[in-house]
Number of protein chains: 6
Amino acid sequence: MKIVTLGEIMLRLSPAGAERIVQADSFCVQYGGAEANVAVALAGWGAEAFFASKVPYGEIGQSAVNALKRYGVDTKFVLRGGERLGLYYLEQGAGQRPSKVIYDRKGSAFACSAAEEYDFDALFAGADWFHLTGITPALGENVQKIAESACRAAKRAGAKISFDLNYRSSLWSKEEAKRAFDVLLGYTDVCITNESQMRDFYGIMPAAREEGCGYAARFLKEKFGVGYTAFTYRKTVGTGETVCGALSDGTASYMSDEFAVAGVERIGSGDAFAAGLIYSLCGGEPLRAAVRFAAAASCLKNTVRGDFCLLDKEEIAEFAQGKKYFGVKR
Amino acid sequence: MKIVTLGEIMLRLSPAGAERIVQADSFCVQYGGAEANVAVALAGWGAEAFFASKVPYGEIGQSAVNALKRYGVDTKFVLRGGERLGLYYLEQGAGQRPSKVIYDRKGSAFACSAAEEYDFDALFAGADWFHLTGITPALGENVQKIAESACRAAKRAGAKISFDLNYRSSLWSKEEAKRAFDVLLGYTDVCITNESQMRDFYGIMPAAREEGCGYAARFLKEKFGVGYTAFTYRKTVGTGETVCGALSDGTASYMSDEFAVAGVERIGSGDAFAAGLIYSLCGGEPLRAAVRFAAAASCLKNTVRGDFCLLDKEEIAEFAQGKKYFGVKR
Amino acid sequence: MKIVTLGEIMLRLSPAGAERIVQADSFCVQYGGAEANVAVALAGWGAEAFFASKVPYGEIGQSAVNALKRYGVDTKFVLRGGERLGLYYLEQGAGQRPSKVIYDRKGSAFACSAAEEYDFDALFAGADWFHLTGITPALGENVQKIAESACRAAKRAGAKISFDLNYRSSLWSKEEAKRAFDVLLGYTDVCITNESQMRDFYGIMPAAREEGCGYAARFLKEKFGVGYTAFTYRKTVGTGETVCGALSDGTASYMSDEFAVAGVERIGSGDAFAAGLIYSLCGGEPLRAAVRFAAAASCLKNTVRGDFCLLDKEEIAEFAQGKKYFGVKR
Amino acid sequence: MKIVTLGEIMLRLSPAGAERIVQADSFCVQYGGAEANVAVALAGWGAEAFFASKVPYGEIGQSAVNALKRYGVDTKFVLRGGERLGLYYLEQGAGQRPSKVIYDRKGSAFACSAAEEYDFDALFAGADWFHLTGITPALGENVQKIAESACRAAKRAGAKISFDLNYRSSLWSKEEAKRAFDVLLGYTDVCITNESQMRDFYGIMPAAREEGCGYAARFLKEKFGVGYTAFTYRKTVGTGETVCGALSDGTASYMSDEFAVAGVERIGSGDAFAAGLIYSLCGGEPLRAAVRFAAAASCLKNTVRGDFCLLDKEEIAEFAQGKKYFGVKR
Amino acid sequence: MKIVTLGEIMLRLSPAGAERIVQADSFCVQYGGAEANVAVALAGWGAEAFFASKVPYGEIGQSAVNALKRYGVDTKFVLRGGERLGLYYLEQGAGQRPSKVIYDRKGSAFACSAAEEYDFDALFAGADWFHLTGITPALGENVQKIAESACRAAKRAGAKISFDLNYRSSLWSKEEAKRAFDVLLGYTDVCITNESQMRDFYGIMPAAREEGCGYAARFLKEKFGVGYTAFTYRKTVGTGETVCGALSDGTASYMSDEFAVAGVERIGSGDAFAAGLIYSLCGGEPLRAAVRFAAAASCLKNTVRGDFCLLDKEEIAEFAQGKKYFGVKR
Amino acid sequence: MKIVTLGEIMLRLSPAGAERIVQADSFCVQYGGAEANVAVALAGWGAEAFFASKVPYGEIGQSAVNALKRYGVDTKFVLRGGERLGLYYLEQGAGQRPSKVIYDRKGSAFACSAAEEYDFDALFAGADWFHLTGITPALGENVQKIAESACRAAKRAGAKISFDLNYRSSLWSKEEAKRAFDVLLGYTDVCITNESQMRDFYGIMPAAREEGCGYAARFLKEKFGVGYTAFTYRKTVGTGETVCGALSDGTASYMSDEFAVAGVERIGSGDAFAAGLIYSLCGGEPLRAAVRFAAAASCLKNTVRGDFCLLDKEEIAEFAQGKKYFGVKR
């Protein structure tokens, strides 16, 4: 199972525990980015996972690459050069105080790189899957070209393509995003999205949750030829929250259980969903099992610090099946 | 908006996280005190906030002053001298284990200072508001004189005076407290108190929560000429807790919503309420909005480590309005 | 009140906070073991608590001993020698992710020690109580002999014997365990167990919780002459958990309240129950009070980091009586 | 004594202790920049020190401002706006391994600000002194205009101007630097430089150290009208290093003692020299005392972590006089 | 070998590493005091070491006691009660910056205790040695009475008495100290002092180091009946320092080698000397060996963080004999 | 340049900074072992470096593998299975106190593995070099067979073999070691040793340092057919230490400069020498350059925490050439 991802990896700086940034005397140093996170999860589950990107020469770029190598991602297609590594500040929330992300990623090596720098044919040789998110084209027109070139090369290599819309309003406008999404959905086999994105970009407002995903799947299949559409849902329940997922091929639609969210980290949950879905679908799992595994991964990711989904597939499967340990697994 | 506070600032020593004191190999170093906490909150919201006190010469006193300066409090009226900085040990609770405060504040520079050392007329020149708590007169008769002199100077300067009863049984007896309260309430425009204090000191036991605050307001207005009376309420709900506030001018009374408490810190919540109230009333907000903002600040304070209410007024306002971010604000 | 415990003490290595082992750059260093944990709790409550064991010469063995001395356990019967100190890795769970224990205790000084090395008559001189758990005989046949010799010496000295079955499937098979349990229960005055152990080892499956403990108590009294039988129960309630205890002399059975579990640590809760029970029974408390104190200790232990039950008896008693502090005890 | 500085303040990220960046799991968070460092030192010694700059809205910019406020710098002339706060990574050296600085400061709020944004007349009202370094004009032509406008305003206000050449080859070429230096030296009363800068920019190569500073002082006085010229010298002695300073008005020249460098930090030593010089000269100290105080401050700065010279003037004076404590000052 | 010490134990608060107090966000928590330090060293070397004192009830007092128990000191004669535990702030020096001690010990439980509270006959039953320092009588007249009562009880029990003058000018005047020293030296068998103390208190100014200790020994023997007198010497050598010791019975005098001081801690070196001397003399070692061991302990103490001399006697002996390991002992 | 190493990788547990083990509340977690350290250094310099070993299933074994992957070592030939990962405790020295290593490596997965488990032909396919140390055969006869099988396979593949004697007296006797060394030197192309090992094992005691390495090289060439012999020397100079190296082909001998050792870590210096030598010789450098680079790497390794030589080859080359930065490289 060779899976390729492409995008930006950033330095993540976060105060320890629940400290606010204005109180912080040290920042935890981690690395992450939507597509990199997916690659780490997949590598941890045994897939041959590649991450393509560009980072600057020197210690900071090297540390980003090392963070991926440490967890088994193949980084031989990470280019070196450019001016800086993008970074983001993360203030972990506590109780009702939300976590807060402040981006400082302009002018990064990846955001300033050009499609011609990448050897896509080498990258995709033998690849089974290519995963991309909507954060990548948000970084600029040159990066949109990189994304599109990568999609074309992936298609040439016979790889399936998953695309997680992941719209970030702080990076681009809805109009810009829509233009890029329209292009990239044309290459997409598996689209990961949610209700608000379908409404904002395609005017689809299904009345009921159960039918929404199937409706969207039929829409995306007709309009762009997308094979599968997955939805993630979040819901406030009291002072807590639940996540669940849906997956549809336009004909049949499957909802996972709703999983109560608890833990220590609020970042990377969506990427864990994508990774779980790719792993299941690329491994030939039935849709019902795929969405359950993906939603369980997404929920359990909240229990692990950092962007990366450092959970065994066995742990996720046990959780998906509701197994309990009364607190300690010996 | 120039607001003056006066009181003791202490070194706060607390084991990291949920460690017990007997396990601790290091203590987090923070600084705080009821009136200082109010000043920090107000400075953070844009008010010109002054804190008057006395700390010893040397690194420890300087660090206390620096902690206030860092967050924008004007400390030019903090005197230097005396023997020591008072301190308190805080053991953070966990689950059902309560947090624990151990005072070691006897003989502090502030507690041993005299009214004559302070230049109150300079301090209150142009002041709009003066805030005081019941902890200050609890430190001794000399400090009661400081408090009373300050109240008189505040009045001369035309400032409103808020007084938070804040009775601490470990510092003085109810009899001593009552004598001091009776004096200081004579200067008070806004009194912050709660049901048990009204019962213990003034024998007022309103039957129902809704009417209690109004009843107490009328009582305090008649007896001491207090203009506004605010109440804070805490209630155990399952294994959790809620806070809410009430505010009355004796005629109309307003209750805030009940906010479920969650977070990482159990200190400074009452001071955040006081700060929220002062900020709103001094800014001319209507009573209903004032008590909502104050109660929201009080609740959200539990999500921030340390004595200080390091929350933007926008964060508090959003929380008061029930805005949700599903865990991450990007 | 002189109480003797005997068993293995291990070095415990755990990542800080909720980090996973694969992320860890440092491990918290603590020491613990079922019987040592009981000794620490009892010493903290004022009993003369002895722990007998064997640790290697050198800094690591010495540190284990020092950890016990620090909290008042008498370690003069801890032998020195052998090759290594056993250790275990603990990954603290978070949210729905369970904690995880990985043992690395083979070949430890204690596990390789022989009954002849211990001066049991000196150890038990004047002892009122001896406590043992099922982990000790699981370490090998030589250790089973140590356990049995100790029981005989305890009996000679007139001490009561409590035995906590504490079956660990990663250490031995059920067949091996049963053989050892049958022997040791022959010496046991107070047996601590639970529903699944009674079912697995003695085929007892009481229909209802209320009667189960009494039924098991009668069974163990008849078969082995056990005087008192205590049960601990854990139950999942929503995303949380509760604990409670039962205690029976075969005639009368008492259930504690169910206490909701919350806190920061999932290890040592069972040992806190045992300590609470021993302390109460050895001190002549009535059964109802004993099981309430034991269950409260067990629950509250979850709020303290580390293996050790570092809670005052007053704190446990207040908690058992449902006293609340609204978060801060001043 | 009102002293104004102007420049960029950056977030400084450094691994703890002697860790290399590729090993780091956390970064110490500090703030610094050449002119800001001078302001902090002067504020600590009792001067009224102002720092003018521009930082972005939000937590990161606020934290930079707070770091200055904490140590008493007046920040009311720090503008808000722009895209990001510049930052630098610092890897502390150890033994023969040098410390390493990696800048990531392009596109910072200050580097992108324009002269028109600053209210220089308000800034310099009543100022006695203005300090600037060669790092500021290195940030771009717009910043050179800021520097020159500031110099003109300082002159109008009657302030003395000190300029520390501080050439950084990673920021600009020698040709660019020379053009800017020529302009700014035209406003300079006190120039701080060293042998290699005088050689590289002005072709001055004095044969002997003793006469070099005087020679350069005469050259700069003639060519630019500079009143005083100070030199810093560093020399390798065995595996260690020494610093000393010289100061000349063109007529008389004074050398400080050579101070052996030892400690924990290699950044900010030059800024401490500048601060020491300004403090002494602005306070009317004779040249000999001024250069001794400046060199002592420069040397002792190596014993304090962070960019800031957090040393009392009494500590520096005692050190300059060679006072010893056998390790502990009680 | 039963050795008794008596004095004050304090909480020691010090910033991590070389941070200054004004930078500190956490303090390392340790416990120490001159006599307690001696007890810990002796317990570590196998002696039966007792420490008598008084600490407050509660977590802070308990933690001080636990710190001693952890390293094997018998604390059964530590009384409970009083208001607070004395504390001191320690700022570790770096390079030429000295360490700095700030006492906050007034009103401590020990300083306020009375001689009648102690059961000296029980304390000294079977004791071989009693050690006291000049810090104890500096705490007040009541404490001087405690010291004298203890000396009398020690004499009754047949114990030898060592007294380390340890004059601290921040605690009392020379006149007060002299009065107390004159009394206590009347009980002293072994006096530990140095050149400046002998000069300041007894006007003895021996011309040369070699003869000074012998001269002082004869003086103290004649005037007070002191049997042995030990001197410690410190000398600045370049940027470093050396320590050595001398010991004399008035007839023969022995100097240790000079040991170059290096390490991480500058506190407790004198107490390690005292402990080394007591251990050697009480164990019957010849004078030459005793002073060598004491001086080696004193020097090597500088390599261990905290007040306590946590060094094996074998380590000290190897160091005294000049054994080298090229950095690693495997 | 494909280089293969084989040996044991251990978990390394060390207190932070200069804390002693008995004081430690946390251990830094690192991984290392003589051959693994060499592989990391070589991977960092751009070689294709393989490490073959066996580690247990689970988090601890995985973390050891990840530590190598992070720094670019190919771990595909690390087997999984067995009982435990060997570990060692490291107490960092300070000043004259030496560092201390305590092994706890018995029964490790690697030490219990068998030659048959390894696919040596795959491992050595295309390899240029194989490196082995004397620690590996010290682990048992089965491991000696692994070592010998690996040597034979390396020879078959045409790889050069370097062997670092690295005798550890705590692991085996000199007689056992000699038997194993005699066998392995028969396969060795490059032998790394020192004066004491040549004397102890082969009775060679060259009179002068300059000629010693050449003499030993001729001896080893004649007796075992070793092509090159390298020596490392350490010497105490005052309170410091120096390292240097020598390299001889039996005809010509070259000494490096003596480099003064300074820094923060005393482990891995010998492995850095080996890595430097292999890198130079495998890259075709002349002997004189090779030994200079190796000795510089060995010296500079002392400035990096952990077992791994995380230094760029450029840094080492600059250091070898004596380049200085006055403390900061910008």
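Residues numbered from 1 in each chain as written. Chains lettered and ligands numbered in written order. Predicted model: local features only at pLDDT ≥ 70, side-chain atom pairs only at ≥ 80, totals over all residues. Heavy atoms only, no water.

Residues and elements named next belong to chain A. Look at helix 9 (residues 287–300) against helix 10 (residues 313–320): their axes get within 9 Å of each other, and the N-to-C directions meet at 105°. Considering the angle they form, helix 9 stands roughly perpendicular to helix 10. Along its contact with helix 9, which presents Arg292, Phe293, Ala296, Ala297, Cys299 and Leu300, the element helix 10 presents Lys313, Glu315, Ile316, Ala317, Phe319 and Ala320. Taken together, the residues of the contact of helix 9 with helix 10 break down into 9 nonpolar, no polar and 3 charged. (Axes fitted to C-alpha atoms, helices over the stretch in contact; angles between N-to-C directions. Helix = DSSP H or I, 4+ residues; strand = E, 2+ residues; numbered from the N terminus. Parallel < 35°, antiparallel > 145°, perpendicular 65-115°, else oblique. Contact = heavy atoms within 4.5 Å. Nonpolar A, V, L, I, M, F, W, Y, C, P; charged D, E, K, R; others polar.)

Many descriptions give the size of an interface as the accessible area lost when the pieces come together. Listed by partner, the interface residues are 26 residues for chain D and 26 residues for chain A. Interface area for chain D against chain A, summed over the two sides, is near 2100 Å², with a carbon-plus-sulfur share of 54%. The partner of Lys106 of chain D in a salt bridge is Glu83 of chain A, and the shortest N-O contact between them spans 3.0 Å. Our enumeration of links across chain D and chain A arrives at 9 residue pairs in polar contact (both at pLDDT 80 or more). Where the side of chain D that touches chain A is concerned, the elements lending two or more residues are strand 2 (10–15), strand 3 (26–32), helix 2 (59–70), strand 6 (87–91) and strand 7 (99–104) of chain D. Broken down by class, the residue content of the side of chain D that touches chain A amounts to 13 nonpolar, 4 polar and 9 charged. Where strand 3 (residues 26–32) of chain A and strand 3 of chain D come together, 3 bridges link them in antiparallel fashion. Along strand 3 of chain D, the bridge assignment pairs Ser26 of chain A with Cys28 of chain D. (Buried area = accessible area lost by both parts, 1.4 Å probe. Salt bridge = Lys/Arg side-chain N within 4 Å of Asp/Glu carboxyl O. Polar contact = N/O pair within 3.5 Å; in protein donor to acceptor, adjacent residues only side chain to side chain. Pairing = 2+ DSSP bridges.)

Glancing now at the sheet that holds strand 2 (residues 10–15) of chain A. Spatial ordering of the open sheet is given by 15(B)-7(A)-6(A)-2(A)-3(A)-3(D)-2(D)-6(D)-7(D)-15(F), a layout of 10 strands whose pairing is mixed. Each having just a single partner strand, strand 15 (328–329) of chain B together with strand 15 (328–329) of chain F make up the two edges of the open sheet. Sheet strands touched by helix 2 (residues 59–70) of chain A: strand 3 of chain A together with strand 6 and strand 7 of chain D. Its angle to strand 3 of chain A, the strand with the most contacts, is close to 60°.

For the rest of this paragraph, the subject is the relation of the copies chain D and chain A. In screw terms, the move from chain D to chain A is a rotation of 180° and a rise of 0.0 Å along the axis, fitting with an RMSD of 0.0 Å. Such a combination of turn and shift is consistent with a two-fold rotation axis. Residue Phe27 of chain D, judged by its C-alpha, is the member of chain D lying nearest the rotation axis, at 2.6 Å. The overlap is high: 100% of the interface residues of chain D also sit at the interface in chain A, so the same surface is used on both sides. (Least-squares fit on C-alpha atoms with pLDDT ≥ 70 in both.)

After a rotation of 120° and a shift along the axis of 0.0 Å, chain A superposes on chain B with an RMSD of 0.0 Å. Considering both components of the superposition, the chain copies are consistent with a three-fold axis. For chain A, the minimum C-alpha distance to the rotation axis belongs to Gly17 of chain A and amounts to 5.0 Å.

Turning our attention to the interface of chain A and chain B. Counting residues at the interface gives 22 residues for chain A, matched by 24 residues for chain B. At the boundary of chain A with chain B, total buried surface from both sides reaches about 2000 Å², with 56% on carbon and sulfur atoms. Between the two partners, chain A and chain B, sit 1 salt bridge. Put simply, Glu315 of chain B and Arg20 of chain A hold a salt bridge, and the shortest N to O gap is 2.6 Å. Run the count over chain A and chain B and you get 10 residue pairs in polar contact (both at pLDDT 80 or more). Taken together, the elements giving at least two residues each to the side of chain A that touches chain B come down to strand 7 (99–104) and strand 11 (228–237) of chain A.

All names here are of chain C. For helix 4 (residues 141–156), which comprises 16 residues, the first-to-last C-alpha distance of 23 Å matches the rise-based estimate of 22 Å (1.5 Å per residue) to within 8%. Looking at helix 4, one finds that the buried residues are Val143, Ile146, Ala147, Ser149, Ala150, Cys151, Ala153 and Ala154. Contacts from the buried residues of helix 4 go to strand 1 (2–6), helix 3 (120–124), strand 8 (129–133), strand 9 (160–164) and helix 5 (174–185). (Expected span 1.5 Å × (residues − 1). Buried < 20%, exposed > 50% of the residue type's maximum accessible area, 1.4 Å probe, protein only.)

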